[in-house]
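A structural walkthrough
Residue-level listing of the chains:
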Amino acid sequence: MDIPKFSLKFFLPKYWLTWIGISVLYTISWLPYKFQLLLGRLVGRLMYALAKRRRHIARRNLEICFPNMQDHEIQSLLKKNFEAAGIALFESSMGWWWPKWRLAKFCHYQGLEHIEEAQKAGKGVLMVTFHNMCLEICCRVFGQKHPAVAFYRQHNNPLMEYFQYHGRARDNKYLIGAKNVKGLLNALNDNELCFYFPDQDYGRRRSVFVPFFAEENTCTTTGTTLFAGEAGCPVVLVTPQRLDDGKGYLITVSPIIENYPSGDDTADAARLNKLIETEILKAPEQYMWLHRRFKTRPDRKAKSLYD
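Throughout this description, residue numbers start from 1 for each chain and increase along the sequence as written. With the structure being a predicted model, the display of local features is reserved for residues of pLDDT at least 70 and the display and counting of side-chain atom pairs for 80 or more, all residues being used for whole-chain, interface and lining totals. Only hydrogens and water are removed before side-chain values are computed, so all heavy atoms of the structure are retained for them.

1. A short note on the environment of Ala 178
Which entries qualify depends on this criterion: Segments assigned H or I by DSSP are reported as helices when at least four residues long, segments assigned E as strands when at least two residues long, and all are numbered from the N terminus. Each residue is assigned to one of three classes by its accessible area relative to the maximum for its type, calculated with a 1.4 Å probe on protein chains only: buried under 20%, partly exposed between the two thresholds, exposed over 50%. Contact definition: two residues touch when any of their heavy atoms are within 4.5 Å.
Among the secondary structure elements, Ala 178 is positioned in the loop between β4 (174–177) and α9 (181–189). By relative accessible area, Ala 178 is classed as partly exposed at 41%. Taking C-alpha positions, Ala 178 is 13 Å from Asp 201, a pair spaced 23 residues apart along the chain. Filtering out sequence-adjacent residues up to four positions away, Ala 178 remains in contact with Phe 151, Tyr 152 and Arg 153.

2. What about the pairing of strand β8 (residues 235–242)?
Our working rule: DSSP bridges decide pairing: two strands pair if at least two such bridges lie between them.
Taking burial as the measure, the eight residues of β8 include eight buried ones, the bulk of the element. Of the two faces of β8, the one carrying Val 235, Leu 237, Thr 239 and Gln 241 and the one carrying Val 236, Val 238, Pro 240 and Arg 242 are both buried. Sheet analysis places strand β2 (residues 125–128) next to β8, joined by three bridges and oriented parallel. Paired with Met 127 across the strands is Val 236, a residue of β8. Direction of pairing for β8 relative to strand β9 (residues 249–253): antiparallel, over a ladder of five bridges. Following the sheet pairing, Val 238 is matched in β9 by Val 253. Linking two consecutive strands that pair antiparallel, namely β8 and β9, is a turn of six residues; a positive phi of about 60° is found at Asp 245 within it.

3. Focus: a nonpolar patch on the surface
Here is the rule: In this analysis, a patch consists of residues with relative accessible area above 30% that form no salt bridge, clustered at 9 Å for like charges and at 5 Å for the nonpolar side chains Val, Leu, Ile, Met, Phe, Trp and Tyr. For every accessible area listed, the method is Shrake-Rupley and the probe measures 1.4 Å; residues are considered covered only by the protein chains on display. A side-chain nitrogen of Lys or Arg and a carboxyl oxygen of Asp or Glu constitute a salt bridge if their distance falls within 4 Å.
A cluster of nonpolar side chains, namely Leu 31, Phe 35, Leu 38 and Leu 42, defines an oily patch on the protein surface of about 350 Å² accessible area. Looking at the secondary structure, you find Leu 38 in helix α2 (residues 33–50). Judged by its relative accessible area of 45%, Leu 38 is partly exposed.

4. Thoughts on the UniProt feature "transmembrane region" (unreviewed entry) in the protein chain
Rules: UniProt positions are given in the numbering used here, feature names are shortened, and annotations may be inferred rather than shown by experiment.
UniProt marks residues 12–29 with the feature "transmembrane region" (unreviewed entry), using the numbering shown here. Helix makes up 72% of residues 12–29 and strand 0%. Its end C-alpha atoms lie 25 Å apart.

The structure is reproduced here in structure tokens:
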């Protein structure tokens, strides 16, 4: 895909509100880190109060995934999740605009040796990760050690797309449109480190229904096995996490997932979901529960779980 370029049309009046929003976020990004965390929590509480539909979706996801959790526990986790969503707004601007010297003291790593071990195969490495709220800044944190390639969904606003692409690609190599399967395969065949996010509901195409937490029939993409199988490359799991007490961000890389793909797409999807579950539970309040993870049902006529 073409790299977004700056255009004089971005100065037209229809982009002025976008410029104001970007300017506010850029200015806030220079404030002290802990103040931004506090501000993010406040924004998250406001989102919790106003975004009723998203609040309902997140609650239903928690109820489905943790049926034995008490109501007060769900409520507490839900509020923390919205606070993490508010913080994520400012983490995006940190990831897009912080200079390396400022980011460096907030970067922590575990298991980077597994990346180096995977690269010894002389192939690309498929790095499976998931949608924790801090993902934007954590991709930049990862890029400090190993610049990578990632799938991403393009923004409908061309000006936001310009800033989003160049912000996300900062300290990494380049981004590939979410529907560009051939592009990601080419990157893997070029021996690149490639991020892939299989933890959301992408619809029935190239999907199977397997367990995810307590939901036995979760629509799960088989794209992971497609990419790993076609490229013949090793697969690792990368966990992004925001640490407590303003210490920054931890990137954890798993050992190479053995015998993956196995030839059984359903078993592989279930296995990967189980691995992702384990990592989510390290900081469940940071996971993106606001997404309709269970919107696609095995029975097309079944009632939505979010009604």
